[in-house]
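# Per-entry structural report
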Amino acid sequence: MNTEITIFLTLSFLLIIFTIVKRSNIRIEPMLSIPIGKRKIPIIYAVMYPTKFGLKFIDYLVSIFPRLFKRLGLFLIVLGFIGMIVIVYVFGSETLRIFSKPETITMSTVQLVLPFKTATHLYVPLTFWLLSIFIIAVVHEGGHALIARAHRLRVKSTGFATLNIILPIIPMAYVDIDEKQMSARRAREQLSVLSAGPIFNVVFSVLVALLLVFVTTPILNKNITYAGLEIVQSSQALLKEGEIIHFIEGIPIKNTRDLYFEVGLYNPGEIVEVTTNSGIYDVALLYGPAGTTVLGITVSQIIDFKESSLERYGRLPLVSFKWFHNLMRWVFILSLGIGLFNLIPIGPIDGGRIVKVLSEKSSKTYGTRIWKAVSYVFFVILLILIFAPRIARIIGGL
């Protein structure tokens, strides 16, 4: 059995046992149920375990810097609006490109990130996916809680949760802020709390990027040699999963920097010669997001540890450090993506709730209708971007 499937089943089993043992404190929130006889059986549901974990620490921080966190909340509103403007611009420009230049659409602008492989989404190894999602959720919800307490809003509890599709699938964290108390506050305070989660994710991704650039990558580079790139996902018929890229147009490709630089020298549609361990192929380059040039593959870096490093440190510390470095790479990518995604003005996510506050404050009569209309429009646009290649092929065939 695949190692990642074994890990997933083991974690699911442990979470089920935990749910049974702590059932008196567990809260189940059904999302999708099916009727069986006179009962409704939840198929998709959240299992929530409320705690007080972290609340004392958050209150301690707020008590030391009360004015700082209130002012930070105002700055977060500005950053939140900037992020939302960027998202709206990207959504609008990419949607326009789908309908005006369908021939340039070869891959989805918005890709789901999941721990299994298909041609339509970004693959993340299961262990990295689970840990990254949990770390990002803790940062996100911690941001909400910190700014809420700075504005003296009641935080009923923090907690751990899982999103379940029959079995536990996604680990999560949450904070239970008193919604009635929050809805009665000024729009400025509500907006600062709502903006906090996504912006904390974006700022956290920047901090992780600095860690990668100035700490882990230099240390790793001193102890390894790059041995090529293995294809783990491919949109190209000629390039198969498991093949190792050695050259593009005769130029050695040792790492992702070499790959991106060499591909960036060409325009989408041009043919390049790609040499792998299985053969030599003439491959047409593809259009990426915003008209960039991509090869249409996802790769994994192959490395060899230097003999001098193995003798000095041993294999286990080096392997462990490489694993931590790879985890931080995924935390950076996912934290940035999830932070920006949460600023999309759709329904119940933070961006949608920001629009709801603004629309209801600006018009008590039509505010809710405006919020729903904006949510529906951007939900449709989101679906268009996810299924962009298929839609572009339909439009191109008209």
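Scroll up to find the structure this text is about.
Throughout what follows, the structure given in this document is the object of discussion.

Before going further, it helps to spend a moment on the overall build of the chain. Per the secondary structure count, the chain includes 12 helices and 14 strands. Computed over its C-alpha atoms, the radius of gyration of the chain comes to 24 Å, within 12% of the 21 Å expected for a compact globule of 398 residues. With respect to the principal axes defined by its C-alpha atoms, the chain has extents near 65 × 60 × 55 Å. Expressed as a percentage of the 398 residues in the chain, the buried residues total 41%. Long-range pairs, those at least 24 residues apart, make up 68% of the contacts in the chain with a sequence separation of at least 6. When the accessible surface of the chain is summed, it comes to about 22,200 Å², and 66% of that surface belongs to carbon and sulfur atoms. Taking the 39 positively charged and 24 negatively charged side chains of the chain as two groups, their mean positions are separated by 17 Å.

Our next topic: the packing of aromatic side chains. If you walk through the whole model with that rule in mind, you get 5 aromatic pairs. By the ring-pair criterion, three or more aromatic residues cluster together here, those being Phe 53, Phe 134 and Phe 160.

The phi torsion at Arg 152 lies on the positive side, around 60°, for a residue other than glycine. Inspection of the secondary structure puts Arg 152 in the loop between helix 4 (126-150) and strand 5 (155-165).

On to the packing of helix 3 (residues 66-100) against helix 6 (residues 187-223), then. Interaxial distance between helix 3 and helix 6 falls to 8 Å at its minimum, and their mutual angle equals 65°. Compared by their axis directions, helix 3 and helix 6 come out roughly perpendicular. The two elements helix 3 and helix 6 cross, and the hand of that crossing is left-handed. In contact with Gly 73, Leu 74, Leu 76, Ile 77, Leu 79, Gly 80 and Phe 81 of helix 3, helix 6 contributes Arg 188, Leu 191, Ser 192, Ser 195, Ala 196, Ile 199 and Phe 200. Residue composition of the contact of helix 3 with helix 6, grouped by class: 9 nonpolar, 4 polar and 1 charged.

Right, let's talk about the nonpolar core for a bit. Within the largest apolar cluster, 27 residues are counted, with the highest numbers of intra-cluster contacts made by Val 62, Ala 148, Val 155, Ile 177, Met 182, Val 193 and Ile 354. Taken together, the elements giving at least two residues each to this core come down to helix 2 (55-64), helix 3, helix 4, strand 6 (167-177), helix 6 and helix 10 (350-362). Leave out the neighbours within four places in its chain, and Val 155 touches Leu 55, Ala 145, Ala 148, Arg 149, Val 175, Asp 176 and Ile 177. Among the nonpolar cores identified, the runner-up in size contains 17 residues, and Ile 231, Ile 253, Tyr 281 and Leu 285 belong to it.

Each value, and the rule that gives it
- Residues numbered from 1 in each chain as written.
- Predicted model: local features only at pLDDT ≥ 70, side-chain atom pairs only at ≥ 80, totals over all residues.
- Heavy atoms only, no water.
- Helix = DSSP H or I, 4+ residues; strand = E, 2+ residues; numbered from the N terminus.
- Rg over C-alpha atoms; globule rule 2.2 N^0.38 Å.
- Buried < 20%, exposed > 50% of the residue type's maximum accessible area, 1.4 Å probe, protein only.
- Contact = heavy atoms within 4.5 Å.
- Areas by Shrake-Rupley, 256 points an atom, 1.4 Å probe, with all protein chains shown as cover.
- Lys, Arg positive; Asp, Glu negative; His and termini not counted.
- Charge placed at Lys NZ, Arg CZ, Asp CG, Glu CD.
- Phe/Tyr/Trp six-rings, centres within 6.5 Å; stacked < 30°, edge-to-face > 60°.
- Axes fitted to C-alpha atoms, helices over the stretch in contact; angles between N-to-C directions.
- Parallel < 35°, antiparallel > 145°, perpendicular 65-115°, else oblique.
- Left-handed = near helix turned anticlockwise from the far one by under 90°.
- Nonpolar A, V, L, I, M, F, W, Y, C, P; charged D, E, K, R; others polar.
- Core = buried A, V, L, I, M, F, W, Y, C linked by side-chain atoms within 4.5 Å.

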